[in-house]
Amino acid sequence: MQFRQKALSKLQSPEELDLPVRFARPQGRLVLGVTVVVMAAAAFWAFTGSVSSKLSAPGILTHAEGSYLLQSPFAGQVTAVLAEEGQLLSPGAPLLQLATDQGERTVRVVAGGRVTTLVAKTGSVVTTGADVATVERVKNTDDPLVAVLYVSGGSGAEIRVGAPVDLTVQSAPQQQFGVLRGRVKEVGRAPQTQAQLSGFLGDSRLAAQFARQGNPVAVLVQLERSSATTSGYRWSSAGGPPYPVDSTTPVTGAVHLAAQRPVDWLLP
């Protein structure tokens, strides 16, 4: 009861009514101010800012028309190899000489291009339809390279023509030379079967690798040119690798997708 009477008398005493009331300490006001500023900045960014993302996909450096697999129309033993890897051949040029049951036969390239892989060797025996070479469809060895990326079928719709692409090239370590720059030139309209991939790449094993997770969509990437680099293309580093990059080199592409708003308005 004594404590209650003291409390009541304290409330009834008017001598402290004129003292100022302290609502918050200076440190508290500072924390409150910082919190308000941060929340305002976050709200402003949420309604006006954008979020960019990338889509990663495997691919290969090649020429725009791709390659084809040359098969022998005859069965026999190779007596002479008439071309070398890297050599540019015109349409119908002789590639191999075979000894068959009907005498000497010549295996010729179907379409002109550069021999990238020569499977048959002198003395080897080939059967009808056996793979003997891979020929890249190119008219000039100086024709510019492109990159072809293979993305899952559902991801193709997210990629826009003209989007920047950063290419990590297997033969040029990224830590040392950076990434190769390019832009999306074309996006395939439909997923490609393994047979279609093999027909373009001229390599059934590579086609199986790209189709391992389903039929992919092909994305054609045009490489950005530069006269200041040895390779002739633009890199994220100053000069890129001190050597040229070759076709059939594996790459991994990071495609920059369209920027998205962090907050989407739902209108009635």
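See above for the structure.
This report concerns the structure included in the present document. Quick caveat, the model's predicted, so the values are computed rather than measured. (Residues numbered from 1 in each chain as written. Predicted model: local features only at pLDDT ≥ 70, side-chain atom pairs only at ≥ 80, totals over all residues. Heavy atoms only, no water.)

### Focus on the pattern of salt bridges
Moving on, step 1. All told, the structure shown has five salt bridges when counted by the stated rule.
Moving on, step 2. When the shortest N-O distance is used, the salt bridge between E224 and R183 registers 3.6 Å. Of the two residues, E224 sits in the loop between β13 (216–223) and β14 (250–256) while R183 sits in strand β12 (residues 180–187), which places them 41 residues apart along the sequence.
Moving on, step 3. Of the residues examined, R183 reaches a relative accessible area of 39% and is grouped as partly exposed. (Salt bridge = Lys/Arg side-chain N within 4 Å of Asp/Glu carboxyl O. Helix = DSSP H or I, 4+ residues; strand = E, 2+ residues; numbered from the N terminus. Buried < 20%, exposed > 50% of the residue type's maximum accessible area, 1.4 Å probe, protein only.)

### Some thoughts on the side chain of R114
Moving on, step 1. Topologically, R114 is positioned in strand β7 (residues 113–118).
Moving on, step 2. Of the residues examined, R114 reaches a relative accessible area of 18% and is grouped as buried.
Moving on, step 3. Dropping the residues within four chain positions of it, R114 is found in contact with G86, Q87, L88, T134, V135, E136, V138, T141 and S247. (Contact = heavy atoms within 4.5 Å.)

### Re the sheet that holds strand β6 (residues 103–108)
Moving on, step 1. The strand order across the open sheet formed by four strands is β6-β5-β3-β8, and the pairing between neighbours is antiparallel. Lying at the two open borders of the sheet, with one neighbouring strand each, are β6 and β8 (125–126).
Moving on, step 2. Pairing analysis gives four bridges linking strand β3 (residues 76–81) to strand β5 (residues 94–100), with the strands arranged antiparallel. Along β5, the bridge assignment pairs A80 with Q97. (Pairing = 2+ DSSP bridges.)

### Examining the packing of aromatic side chains
Moving on, step 1. Within the structure shown, the criterion is met by two aromatic pairs.
Moving on, step 2. Here the aromatic rings of F177 and Y243 are separated by 6.1 Å at their centres, their planes lie at 80°, and the arrangement is edge-to-face. Of this pair, F177 sits in helix α3 (residues 174–177) while Y243 sits in the loop between β13 and β14, and the two are 66 residues apart along the sequence. (Phe/Tyr/Trp six-rings, centres within 6.5 Å; stacked < 30°, edge-to-face > 60°.)

### Here's the deal with the side chain of S72
Moving on, step 1. Among the structural elements, S72 can be located in the loop between β2 (67–71) and β3.
Moving on, step 2. On the accessibility criterion, S72 (2% relative accessible area) is buried.
Moving on, step 3. At 2.6 Å, the side chain of S72 forms a polar contact with the backbone oxygen of F74.
Moving on, step 4. Excluding residues that lie within four positions of it along the chain, S72 makes contacts with L98, V107, V126, T127, T128, G129, A130 and V132. (Polar contact = N/O pair within 3.5 Å; in protein donor to acceptor, adjacent residues only side chain to side chain.)

### What about the nonpolar core?
Moving on, step 1. Core analysis: the largest hydrophobic core is formed by 26 residues, its most contacted members being L149 and L167.
Moving on, step 2. Here this core gets four residues from one element, more than from any other, and that element is β13.
Moving on, step 3. In this view, L149 contacts A57, P58, G59, V165, L167, V217, A218, V219, V221, V251, G253 and V255; residues no more than four positions away in its chain are not counted.
Moving on, step 4. In this structure, L89, A93, A120 and A130 belong to the second largest nonpolar core, which totals 19 residues. (Core = buried A, V, L, I, M, F, W, Y, C linked by side-chain atoms within 4.5 Å.)

Any link to function would need more than the numbers given here.
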